[in-house]
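What follows is the residue order along each chain.
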There are 2 protein chains.
Amino acid sequence: MEITIGELSKRTGVLATTVRYYEDVGLMPAPPRTAGGRRSYGTAHVARLAFIRHARQLGFEVDAIRELLALNARPDLPCAEVDVIARRHLADVDGRIERLKALRSELSRMVDECGHGRVGECRVIEVLSDHGECLGHDH
Amino acid sequence: MEITIGELSKRTGVLATTVRYYEDVGLMPAPPRTAGGRRSYGTAHVARLAFIRHARQLGFEVDAIRELLALNARPDLPCAEVDVIARRHLADVDGRIERLKALRSELSRMVDECGHGRVGECRVIEVLSDHGECLGHDH
DNA sequence: CTTGCTCCTCCAGCCACTAGAGGAATTAAG
DNA sequence: CTTAATTCCTCTAGTGGCTGGAGGAGCAAG
C-alpha cells in the first residue's frame, strides 16, 4: 500500500501542510519518496498520524505526544508514565475549566447588569474600568 | 503627575515590555517623552492600561478591546454595541467550557480505565490509537 | 500535447506577548 | 564629582501549532 500525502490527509483528516509540519518537528518520520520526489506513506504512517490527531484533539501538547508515541513503541514497559502524562493533562484541563468558569460568571454578571442605556452608564464599561468592581479579586 | 514606564507597570501589573507592545499595536497612545527620550505617563494612561489589563484578564481579544476603548471614549452613544461585544465573548467562553468539559470526560474515562499494567495493554494508548473507541464521535 | 490537479520547498504570518542584546540615561551612594 | 547600579531605549527573534501563499515540477486524463 503506497499512499500520497493527499490520501493520507483524507484518511486522517489532517491537512497535508500539517503532515509536513509534523515531519519537520519530528512527530512523523520522513517517509520514503517516489522517483519524482513525492512522499510515499504506508499503513504504519496512517496509524501514527491518527494517533497524533486524536491526541491533539484531546488537547495533548506536541511534547506530550512525542512522549506518548515513544511509549507506544515500547509495549513491554509499565504504563505508569503514560498514566502520569494523561493525569497531568487532565489536571491541566480541570484548571482551565475552573478558570473559564470563574471568568464566565463575571462576564455574565457584567452583561446582566447592563441597563442598555448610554455607554456612559454601562456596567460593562464600568466593570472594565474599575477592577475594584469585581466580586472575586483573584485575577 | 509624570510617571515612568516602570511606575506605570507597577501600578497596573502590566510588564513594561507589554506596555510598549500595546503602544505598537495601537492599544495605548504614544505618550510624551522626557528630554532624555523616556516615556512619560499620566493618570489617563494608568486608567486606560488598567482597562486593557482587566479586559485581557476577562479574555477579551485585543481587537475587541480596541472597540471597547473606542466606545468608552463616546459615553453619549447607546451601549448596545458594548453589549454585543460582551455577549459574543460570553458565548465564546461558553463554547470553550463545553468543549473542555467533553474533553475532560473522555480524558478521565481514559485514565480511569488504565489498568496500570504494561503499555501494551494500556487503555490510554488504546484510546489514542483507535478513534472508534470514543463514546462521542463529535471530535 | 495540453489542461488541470497534486505535490514540492521555502518563507511569512497568526495571537499576544516575552526575552535578550547592546547601548544610553538616570539615580543613589561614596 | 565620580562611579556603580538601575532603569530605560530600540530592535530582533522566539513561543505553539499550525496555516497560507509563491513559484515551480510531476503526473493522470482527454
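Residues numbered from 1 in each chain as written. Chains lettered and ligands numbered in written order. Predicted model: local features only at pLDDT ≥ 70, side-chain atom pairs only at ≥ 80, totals over all residues. Heavy atoms only, no water.

Superposing chain B onto chain A takes a rotation of 180° combined with a translation of 0.0 Å along the rotation axis, leaving an RMSD of 0.1 Å. Each copy turns onto its partner about a two-fold axis. Among all residues of chain B, the minimum C-alpha distance to the rotation axis is found for isoleucine 97 of chain B, at 3.0 Å. Both copies contact each other with a shared surface, as 98% of the interface residues of chain B are interface residues in chain A too. (Least-squares fit on C-alpha atoms with pLDDT ≥ 70 in both. Contact = heavy atoms within 4.5 Å.)

According to the stated counting rule, one finds zero disulfides over all chains in the structure shown. The closest cysteine sulfur to the non-disulfide-bonded cysteine 79 of chain A is located on cysteine 114 of chain B, 3.3 Å from its own sulfur. A relative accessible area of 0% places cysteine 79 of chain A in the buried class. (Disulfide = S-S within 2.5 Å. Buried < 20%, exposed > 50% of the residue type's maximum accessible area, 1.4 Å probe, protein only.)

We now examine the protein's contact with DNA strand C. The full set close to DNA strand C counts 17 residues, and Thr4, Gly6, Arg20 and Arg39 of chain A together with Arg56 of chain B are the nearest of them. Counting only the atoms of DNA strand C that lie within 4 Å of the protein, the sugar and phosphate share comes to 80%. Within the side chain of arginine 20 of chain A, a nitrogen or oxygen atom sits 2.3 Å from a phosphate oxygen of DNA strand C. Ranked by the residues each element gives to the surface near DNA strand C, the list is headed by helix α2 (residues 16–24) of chain B, at three residues. Of the residues in the surface near DNA strand C, the class split is five nonpolar, five polar and seven charged. (Near = heavy atom within 4 Å. Polar contact = N/O pair within 3.5 Å; in protein donor to acceptor, adjacent residues only side chain to side chain. Helix = DSSP H or I, 4+ residues; strand = E, 2+ residues; numbered from the N terminus. Nonpolar A, V, L, I, M, F, W, Y, C, P; charged D, E, K, R; others polar.)

There is about 180 Å³ of room inside the second largest pocket. Residue lining of the second largest pocket: Leu100 and Leu103 of chain A together with Gly13, Val14, Arg53, Arg56, Gln57, Gly59 and Arg96 of chain B, and that is the complete set. Of all the elements, helix α3 (residues 43–57) of chain B adds the most residues to the lining of the second largest pocket, at three residues. Taken together, the residues that form the lining of the second largest pocket break down as three nonpolar, three polar and three charged. (1 Å grid on protein atoms, 1.4 Å probe; cavity = no way out; pocket = protein on both sides within 12 Å on 5 of 7 lines; lining within 4 Å. Points joined across faces, edges and corners; volume = space filled by probe spheres on them.)

It is worth spelling out the packing of helix α5 (residues 80–113) of chain A against helix α5 (residues 80–113) of chain B at this point. Between α5 of chain A and α5 of chain B, the shortest axis-to-axis distance is 9 Å and the interhelical angle comes to 155°. The orientation of α5 of chain A with respect to α5 of chain B, classified from their angle, is roughly antiparallel. Crossing geometry of α5 of chain A relative to α5 of chain B is assigned as left-handed. Within the contact of α5 of chain A with α5 of chain B, the residues separate by chemical class into 16 nonpolar, four polar and twelve charged. (Axes fitted to C-alpha atoms, helices over the stretch in contact; angles between N-to-C directions. Parallel < 35°, antiparallel > 145°, perpendicular 65-115°, else oblique. Left-handed = near helix turned anticlockwise from the far one by under 90°.)

Every one of the 17 residues lining DNA strand D counts as a neighbour, but Thr18 and Arg56 of chain A together with Thr4, Arg20 and Arg39 of chain B are closest to it. In DNA strand D, atoms within 4 Å of the protein come from the sugar-phosphate backbone in 80% of cases. Here a phosphate oxygen of DNA strand D sits 2.6 Å away from a polar atom, N or O, in the side chain of threonine 18 of chain A. Arginine 39 of chain B places a side-chain nitrogen or oxygen 2.8 Å from a phosphate oxygen of DNA strand D. When residues of the surface near DNA strand D are traced back to their parent elements, those giving at least two are α2 (16–24) of chain A together with α1 (5–12) of chain B.

With 83 residues, the main nonpolar core has Phe60 and Val82 of chain A together with Phe60 and Val82 of chain B as its most contacted residues. Discounting chain neighbours no more than four positions away, the residues touching valine 82 of chain A are Leu68 and Leu71 of chain A together with Val119, Cys122, Val124 and Ile125 of chain B. (Core = buried A, V, L, I, M, F, W, Y, C linked by side-chain atoms within 4.5 Å.)

The partner chain A presents 52 residues to the 53 residues of chain B that form the contact. Interface area, chain B with chain A, both sides summed: about 4600 Å², of which 73% is carbon and sulfur. In this assembly, chain B and chain A are joined by two salt bridges. Arginine 104 of chain A is the salt-bridge partner of aspartate 94 of chain B, the closest N and O atoms lying 2.6 Å from each other. Counting only elements with at least two residues in the side of chain B that touches chain A, the list comes to α3, α4 (62–72), α5 and α6 (123–129) of chain B. Sort the elements by how many residues they give to the side of chain B that touches chain A and α5 of chain B lands first, with 19 residues. Class assignment of the residues belonging to the side of chain B that touches chain A gives a composition of 29 nonpolar, twelve polar and twelve charged. (Buried area = accessible area lost by both parts, 1.4 Å probe. Salt bridge = Lys/Arg side-chain N within 4 Å of Asp/Glu carboxyl O.)

Once that is clear, we can look at the packing of aromatic side chains. Under the defined criterion, the tally for this structure stands at two aromatic pairs over all chains. Ring geometry for tyrosine 21 of chain A versus tyrosine 22 of chain A: centroids 5.9 Å apart, planes at 50°, classification tilted. (Phe/Tyr/Trp six-rings, centres within 6.5 Å; stacked < 30°, edge-to-face > 60°.)

We now examine the pattern of salt bridges. Across all of its chains, the model carries 18 salt bridges over all chains by this definition. Through salt bridges with shared partners, a single ionic network connects Glu113, Arg123 and Glu126 of chain A.

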